[in-house]
Amino acid sequence: MTFLKRMSQLSFKPTPFLLFFLGFYVVLSTPEDPINCSSHNTNCTITNSYGTFPDRSICQAQKVFYPTQEEDLLRVVASATRKGKKMKVATSSSNSVPKWACPEGHNGWLISTKYLNRVMEIDAEKKTARVQSGVTLKQLMEGAAKAGLALPYTPYWWGSTMGGILGTGAHGSSLWGKGSAVHEQVVEIRIVTPAPPEHGYAKLHILTEEDQHLNAAKVSLGLLGVISQITFKLEPLFKRSITYVTENDSNLENKVITFGQEHEFADIIWYPNQHKAVYRVDDRVPIHTSGNAVYDFIPFRPTPAIQLLLRRTREEAEEFYGDSEEKCLVAKTDTNSLIASAYGLTNNGLVFSGFPAVGFHNHIQASGSCLGSDRNTKIATFCPWDSRIKGDFYHITTFSIGLSVVKNFIEDLKKLVELKPKAFCSIEMYNGILMRYVKGSSAYLGKQEDSVDFNIAYYRSKDPMAPRLYEDIIEEIEQIGIFKYGGLPHWGKNRNVAFEGVMNKYKNADKFLKVKDEYDPERLFSSEWSDQALGLKKRLMVSKDGCALEGLCICSNHNHCAPTKGYFCRPGKVYKKARVCAVSGY
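Residues numbered from 1 in each chain as written. Predicted model: local features only at pLDDT ≥ 70, side-chain atom pairs only at ≥ 80, totals over all residues. Heavy atoms only, no water.

Thoughts on the overall build of the chain
Logical step 1: Looking only at helices and strands, the chain has 14 helices and 26 strands in total.
Logical step 2: On C-alpha atoms alone, the chain measures out to a radius of gyration of 23 Å, which is about the 25 Å that the 2.2 N^0.38 rule sets for 586 residues.
Logical step 3: If you line up the chain on its principal axes, its C-alpha atoms span 75 × 60 × 55 Å.
Logical step 4: Relative to its 586 residues, the chain shows a buried fraction of 59%.
Logical step 5: Considering only residue pairs separated by 6 or more positions, the chain has 72% of its internal contacts joining residues 24 or more positions apart.
Logical step 6: Looking at the chain as shown, the accessible area adds up to about 23100 Å², and 53% of this sits on carbon and sulfur atoms.
Logical step 7: Treating the 70 positive side-chain charges of the chain as one cloud and the 61 negative ones as another, the clouds have centres 3 Å apart. (Helix = DSSP H or I, 4+ residues; strand = E, 2+ residues; numbered from the N terminus. Rg over C-alpha atoms; globule rule 2.2 N^0.38 Å. Buried < 20%, exposed > 50% of the residue type's maximum accessible area, 1.4 Å probe, protein only. Contact = heavy atoms within 4.5 Å. Areas by Shrake-Rupley, 256 points an atom, 1.4 Å probe, with all protein chains shown as cover. Lys, Arg positive; Asp, Glu negative; His and termini not counted. Charge placed at Lys NZ, Arg CZ, Asp CG, Glu CD.)

Dropping the structure here:
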């Protein structure tokens, strides 16, 4: 049966929303606010930018507040504290996958930083930037560049807010200097917390580098209070030179350790089934070096809605028919196209003419043009993961492995590749395994040692009870990284299983919890889910039919998988202590 015939047998029902946009001139779509209320700022729900949390819930809240200045924050926190209301901080984009932004129950309050979006001051003499917590990375990059300054290390997505970046410990890729974590560039945080009645029910803390509490606030998970303002240390604006080098992955496990030490902004994209490793040779060059390169990463570009719909429908067909051959063909085609186009890197903002591509740091460090606006477009375009249309829908598993054991981890993954090479094609369809370098951190909940961060995205069914193709292999990768090698989960990009026993991996976990109890003794900024994730309450891992398919548990009996569809709980192939959902006869 041909692939097109298979697709035709699947239900194909474009939504009225999609049909509307296919027929009219429209602007490029800006993602909608993750908070929706049935009446003016009351009876609200919150989700993330993917449209659903790992347990597929949409969280509820009694009210949402949109402060614009620090005084507003103090009033809202004081009011909530006086009434004993649970609170959660929400950002304008809600990029975090887990449920950190969910209040407890239906009566909690949301405090959105959507309008705390001003760059307060760029001090060229001190080389600092003071911003409100809702300022996006793009705003900070542009503001700093106008003053001839730069934030040296950042994530690759410019749509995240600076408060959200600190909340989840987001980072770029570097072992140089203080490392790639944005919070290592923080010199001051202003944070509003609950307070006793004699202090007006709310208190402003101003934390500087001399204050040990800054190490708790730099990666806070939103559990200490509401960050009002952040001051970052900047550097003079500089230029970078980027060359992508594609090699066979035969020596990846050895080269990964030295490569990050040799190049300041190094990263690696690994395509295991294709035995390819793409090394990003990325370093500073003198400011007078010729070049005006721009990085507009292709997966972050605006994509036509019809293209996204067709791509998702094709992927569903491949999963439905177990068509791993088609997946591998698509993955190889997409990979070759990305490599040939330098992943969206251009030498002058228009065309790519060859390596090296040299440009100013602020034009290269991050991208996200699908968040922009173009009133001249005739076709509806979206970020590929926009939940309002039928587009990409996937899980993300991200963890860091210490440099001391990363060779062994990659060797284990290569054993899985040897056993089931086609299982990795579904990962390669989402641009393979991104490997970034992260340095050991001073933050209590930051990285504990110099590490390599592994970012893996893969297909997720709209049906929570539907196992994916090669379900067991992806689960085993997750459990090898998290449990066998003690991987630290990215706080903002994981399924629940990654947080099992997580606080035992942080040597200063008790110091963080002590600050948390001091700042919020009534746990108004905590929720049942956050307490479970930190191990303060039991039962983060649920026990119900199909829970292992969504990463809500590790299977301990067959019903945690999908026995009616031939998937049973089995030991791993390489890591025998793993428990994975495998098809019968695996």
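Regarding the sheet that holds strand β1 (residues 35–39)
Logical step 1: The strand order β1-β2-β3-β5-β4 describes an open sheet built from five strands, whose pairing is mixed. Among the strands making up the open sheet, the edge pair consists of β1 and β4 (87–90). Looking at each pair of strands side by side, their axes are set apart by 40° on average, direction ignored.
Logical step 2: With four bridges joining them, strand β2 (residues 42–46) and strand β3 (residues 59–65) adopt antiparallel strand pairing. Considered in β3, the bridge of isoleucine 46 is made with cysteine 59. (Pairing = 2+ DSSP bridges. Axes fitted to C-alpha atoms, helices over the stretch in contact; angles between N-to-C directions.)

Side note on the pattern of salt bridges
Logical step 1: As enumerated under the stated definition, the model contains 32 salt bridges in all.
Logical step 2: A salt bridge links arginine 130 to glutamate 121; its shortest N-O distance comes to 3.8 Å.
Logical step 3: According to the relative accessible area criterion, arginine 130 is partly exposed, its value standing at 25%.
Logical step 4: Across the salt bridge formed by glutamate 315 and arginine 312, the nearest N and O atoms sit 4.0 Å from each other. Of the two residues, glutamate 315 and arginine 312 both sit in helix α8 (residues 305–320), three residues apart, roughly one turn of that helix. As far as the burial class goes, glutamate 315 and arginine 312 line up, both buried.
Logical step 5: The network of salt bridges with common partners includes Arg240, Asp267, Arg280 and Asp282. (Salt bridge = Lys/Arg side-chain N within 4 Å of Asp/Glu carboxyl O.)

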